[in-house]
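Listed below are the residues making up each chain.
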Amino acid sequence: SLLLLLSSISRYDHANTTMSTDVIAVDVSPNPAEAPKTASTLYLPLPHDSDSFRLLRVLPSLRFSSPLRCELYTTSISREEDQYIAGSYVWGPPEPTETILLDGTPFQVRKNLFCFLRVFRSRYRSQIIWADAVCINQDDFQERGHQVQEMKRIYSGAKCVYCWLGYDKPLPHT
């Protein structure tokens, strides 16, 4: 158990001429219910129908350099028709990666997708996008195979497709 000392208060009792100190402490031990999320807990299994998929909500930021905060949610292709952008991009090399916050949890993405999402992000409103590297659980081979089969429907159900080829010149090292 780990305790965090918040404050101590000393009191002098004039009647008994004694000094007492109260210490306020809070237990900050890790709670197993709040364990860090992993791919297996970030990705709840998709329903076993051909219409389910995940979308990524990219939260707005006034500053370009602010962390990319995103939310992942499950929905259906037919319900979201013409309501999202489908992202098409070059995956690029597996390294280096960049970190986005996915449902409040650090999540590694390839640098090219990170740059795409950063440029895609709006300053004032959430943007909804389908990006395969995040919206498909890449560790679940069965889901990945099924979602790849649905890509034609996913792309044709989008209101438009943004194609990201990368910056026109190499990115500076950050």
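Residues numbered from 1 in each chain as written. Predicted model: local features only at pLDDT ≥ 70, side-chain atom pairs only at ≥ 80, totals over all residues. Heavy atoms only, no water.

(A) Quick look at helix H2 (residues 111–120). Across the 10 residues that make up H2, a large majority, 7, are buried. The set of residues buried in H2 consists of Asn112, Leu113, Phe114, Cys115, Phe116, Leu117 and Phe120. (Buried < 20%, exposed > 50% of the residue type's maximum accessible area, 1.4 Å probe, protein only. Helix = DSSP H or I, 4+ residues; strand = E, 2+ residues; numbered from the N terminus.)

(B) Focus on a nonpolar patch on the surface. On the surface, a cluster of nonpolar side chains totalling about 280 Å² of accessible area is made up of Phe64, Val119 and Tyr167. Along the chain, Val119 turns up in helix H2. Here Val119 falls in the partly exposed class, since its relative accessible area comes to 41%. (Patch = residues over 30% accessible without salt bridge, like charges linked within 9 Å, V, L, I, M, F, W, Y side chains within 5 Å. Areas by Shrake-Rupley, 256 points an atom, 1.4 Å probe, with all protein chains shown as cover. Salt bridge = Lys/Arg side-chain N within 4 Å of Asp/Glu carboxyl O.)

(C) Spotlight on the nonpolar core. Membership of the largest hydrophobic core comes to 37 residues, with the highest contact counts inside it found for Leu56, Tyr84, Leu113, Trp130 and Val134. The element contributing the most residues to this core is H2, with 6 residues. Look past the residues within four positions of Val134 in its chain and what remains in contact with it is Tyr43, Leu56, Leu72, Leu102, Phe107, Val109 and Leu113. (Core = buried A, V, L, I, M, F, W, Y, C linked by side-chain atoms within 4.5 Å. Contact = heavy atoms within 4.5 Å.)

(D) Quick peek at unusual backbone geometry. The linkage connecting Glu95 with the following residue, Pro96, adopts the cis geometry, with an omega of 0 degrees. Within the secondary structure, Pro96 sits in the loop between strand S5 (85–89) and strand S6 (97–102). Phi at Asp82 is positive, roughly 65 degrees, even though this residue is not glycine. With respect to the helices, strands and loops of the structure, Asp82 is situated in the loop between strand S4 (69–76) and S5. On the basis of relative accessible area, Asp82 is assigned to the partly exposed category, the value being 45%. With phi around 55 degrees, Asp103 is a residue other than glycine that occupies positive phi space. Note on placement: Asp103 falls in the loop between S6 and strand S7 (105–110).

(E) Up close: the environment of Gln127. With respect to the secondary-structure elements, Gln127 resides in strand S8 (residues 127–130). Residues Gln127 and Leu117, spaced 10 residues apart in sequence, show a C-alpha to C-alpha distance of 9.8 Å. Aside from chain neighbours lying at most four places away, what touches Gln127 is Leu56, Arg57, Val58, Phe120 and Ser122.

(F) Broad picture of the pattern of salt bridges. Tallying each qualifying case throughout the model produces 5 salt bridges. The closest approach of N and O atoms between Glu150 and Arg153, which form a salt bridge, is 3.2 Å. We classify Glu150 as buried; its relative accessible area is 11%. A relative accessible area of 35% means that Arg153 is categorised as partly exposed. Ionic contacts of the salt-bridge type, sharing partners, join the residues Asp51, Glu150 and Arg153 into one network.

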